[in-house]
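Examining the three-dimensional arrangement
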Amino acid sequence: MLVVLAVLVFFMFRSSRKRQKQQQELQSQVAVGAQVMTNFGVFGTILELDDEENQVLIETTPGTVLKVHRQTVTRVVTPADAEPESDAVDTAAPALETSDGAPAYGERIDETAEPVADTKSEKKADE
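Residues numbered from 1 in each chain as written. Predicted model: local features only at pLDDT ≥ 70, side-chain atom pairs only at ≥ 80, totals over all residues. Heavy atoms only, no water.

1. Some details on the nonpolar core
Residues L26, V30, A34, V36, I46, V56, I58, V68, V73 and V76 constitute the largest nonpolar core, which totals ten residues. At the level of elements, β3 (55–61) and β5 (73–76) are the ones that each hand at least two residues to this core. Residues within four places of V56 in sequence aside, it is in contact with I46, E48, L49, L66, K67, V68 and R70. (Core = buried A, V, L, I, M, F, W, Y, C linked by side-chain atoms within 4.5 Å. Buried < 20%, exposed > 50% of the residue type's maximum accessible area, 1.4 Å probe, protein only. Helix = DSSP H or I, 4+ residues; strand = E, 2+ residues; numbered from the N terminus. Contact = heavy atoms within 4.5 Å.)

2. Remarks on unusual backbone geometry
With a phi angle near 55 degrees, N54 is a residue other than glycine that sits in the positive phi range. Positionally, N54 belongs in the loop between β2 (43–50) and β3. When its relative accessible area of 34% is taken as the criterion, N54 is described as partly exposed.

3. Quick look at the confidence of the model for the protein chain
Here the protein chain averages 78 in pLDDT, while 67% of its residues score no lower than 70. Across the protein chain, strand β4 (residues 64–69) holds the top mean pLDDT of 92, while helix α2 (residues 119–126) sits lowest at 58. (pLDDT = per-residue confidence, 0-100.)

4. Topic: the sheet that holds β2
Strand order in the open sheet formed by five strands is β4-β3-β2-β1-β5, with antiparallel pairing between adjacent strands. The open sheet is flanked by β4 and β5, the only strands paired with a single partner. Strand-to-strand twist across the sheet, computed as the mean angle between neighbouring axes with direction ignored, equals 45 degrees. As paired strands, β3 and β4 are joined by six bridges and run antiparallel to one another. In the sheet register, E59 faces β4, and the bridge partner there is V65. (Pairing = 2+ DSSP bridges. Axes fitted to C-alpha atoms, helices over the stretch in contact; angles between N-to-C directions.)

5. Description of the packing of aromatic side chains
Overall, the coordinates contain one aromatic pair when judged by the stated rule. Each ring, one from F10 and one from F11, has its centre 5.5 Å from the other, and the planes form 65 degrees; the classification is edge-to-face. (Phe/Tyr/Trp six-rings, centres within 6.5 Å; stacked < 30°, edge-to-face > 60°.)

Structure (structure tokens):
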């Protein structure tokens, strides 16, 4: 019984050391400009590290900056982790429009194009 207990304690210490080593490696890779993923699945680029407050500023999209706790950064994304370009969405695809000419839900609107007339509001105005 003591042998089983000793083996159990040995594996507990071993896994604890392994986790500590992985955490130290991750913290050494976390630097300004690194592409990271948080534990809640948000990808971004580190803009600023505040060691005193344990906070990180992460830019997820241009103009969107999140302030998170340093421990929420769970992975540094390397180019090998990135998706291959064949799976990427084709941004040059033609725009989808509904039958009344309005853009589909979630579609980006080209602001340089002429605005689409809203036929529904025109019908209400005529009545």
